[in-house]
Amino acid sequence: GFDLSDPGAADVVSRVSVRSDWQGFTTDGGTITIDDSVVDLGTSTGSTGLFAGNYNNGTPPKTINADHVTIIGGGSGSKGVWAYAAAPGAKTTSSLTLTNSIVWGPETPLRVDAGNDGAQGGASTATIATSYSDWHGAPVENLGSNGAGGVTSGAGRLDVAPKLVDAATGDAHLEPGSPVVDKGDPSSAGPSKDRDGATRVADGDGKGGARRDMGAYELPDTTPPNTRLTSSLPKTATKATVRLSFASEAGATFTCKLDTAAWKKCRSPWKVSLSFGKHVLSVRARDTAGNVDPTPAKARIKRVR
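Computed from a prediction, not measured in an experiment: that's the story for all the values here.

### Side note on the pairing of strand β22 (residues 253-258)
- Relative to strand β25 (residues 277-286), β22 runs antiparallel, the two sharing six bridges. From the neighbouring strand, phenylalanine 254 faces β25, where its bridge partner is alanine 285.
- When β22 meets strand β23 (residues 264-266), the two strands line up antiparallel, connected through three bridges. Paired with cysteine 256 across the strands is lysine 264, a residue of β23.
- Hairpin connection between β22 and β23: a loop of five residues separates the two successive antiparallel strands, and aspartate 259 in this loop has a positive phi of roughly 60°.

Below, the structure is given as structure tokens:
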């Protein structure tokens, strides 16, 4: 799908989808940085999602940095992420980092191969470092003679079926209720858009506290906020003006209305002028994703002489 063969070069790839029966992204010299992308291996045998390595004795470093990448599909002998530094006649280095990503489908999720013939002045090194990623199965560490490195599973690792919409047809969007929603890196680092160009950090699980999802796609926040009154009104009042306080989730804005009037922007506390008679004060919240509370909070009061 994407092949970098240029020692010392650095390529950046964002928000793409690759369908490959061999290698989704590969470098035999140079650095590839990928974010918010999908690699679909179909049902192909012996295929690899991300491959950093070369089989000849070339010594330039080979590096892939993947953030928010989803790797799906793969038949017999397929590998999700592979760092190879085992050419016999050279001291070589291959490395991959996998952050906020999903590897679900390939027979072997992660594999490292390292070694040389012992006449190269030191060990060849192959490393894979993962954090806040979901991958299934046991990694393979094939460290032969004069081989070093291995797989490092850092913070936030999951091993759960990610609940994709339809991986068999290449649709790697997350379903509502996916266990990888809001399970990415909790820090602010990372891309701001997902594969679709949608806002990356959303409260997709509706539990409050937006956090990035794992994988190429962010599940949007479709959960409406809840508006609650933080003060009460008496049943009757003789004064013409009353104040009503309210709140909702962090970042929410509000609209208010008196009786059947139009909704207008408001802040807590809301100062309301009342005519004589019965009245209904309504408040509704709107969250940062644009969801509006369908059940506004209401307070009833009667102004008497």
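### Side note on the nonpolar core
- By size, the foremost hydrophobic cluster in this structure holds 28 residues, and its most contacted members are Phe25, Leu50, Ile71, Val81, Leu96 and Ile128.
- Of all the secondary-structure elements, those providing two or more residues to this core are β1 (2-14), β3 (23-40), β4 (48-53), β5 (62-72), β6 (79-85), β7 (93-99), β9 (108-114) and β10 (124-131).
- Those residues in contact with valine 81, other than ones at most four positions away along the chain, are Leu50, Ile71, Leu96, Leu98, Val103, Pro109, Leu110, Arg111 and Ile128.

### Some words on the side chain of threonine 27
- With respect to the helices and strands, threonine 27 occurs in strand β3.
- Only 3.2 Å separates the side chain of threonine 27 from the backbone oxygen of glycine 30, close enough to count as a polar contact.
- Leaving out residues up to four positions away in the same chain, threonine 27 has contacts with Leu4, Ile32, Phe51, Ala52, Gly53, Lys62, Thr63 and Ile64.

### Regarding the layout of surface pockets
- Volume-wise, the largest pocket comes out at about 280 Å³.
- What lines the largest pocket is a set of 15 residues, and nearest its centre among them are Ala202, Asp203, Ala210, Asp221 and Thr288.
- When the residues that make up the lining of the largest pocket are grouped by side-chain class, the tally is seven nonpolar, four polar and four charged.
- The wall of the second largest pocket is formed by Thr253, Phe254, Thr255, Lys265, Cys266, Arg267, Arg284, Ala285, Arg286 and Val292.
- Listed by contribution, the elements that provide at least two residues to the lining of the second largest pocket are β22, β23 and β25.
- When grouped by side-chain class, the residues that make up the lining of the second largest pocket number four nonpolar, two polar and four charged.

What counts and what doesn't
Residues numbered from 1 in each chain as written. Predicted model: local features only at pLDDT ≥ 70, side-chain atom pairs only at ≥ 80, totals over all residues. Heavy atoms only, no water. Pairing = 2+ DSSP bridges. Helix = DSSP H or I, 4+ residues; strand = E, 2+ residues; numbered from the N terminus. Core = buried A, V, L, I, M, F, W, Y, C linked by side-chain atoms within 4.5 Å. Buried < 20%, exposed > 50% of the residue type's maximum accessible area, 1.4 Å probe, protein only. Contact = heavy atoms within 4.5 Å. Polar contact = N/O pair within 3.5 Å; in protein donor to acceptor, adjacent residues only side chain to side chain. 1 Å grid on protein atoms, 1.4 Å probe; cavity = no way out; pocket = protein on both sides within 12 Å on 5 of 7 lines; lining within 4 Å. Points joined across faces, edges and corners; volume = space filled by probe spheres on them. Nonpolar A, V, L, I, M, F, W, Y, C, P; charged D, E, K, R; others polar.

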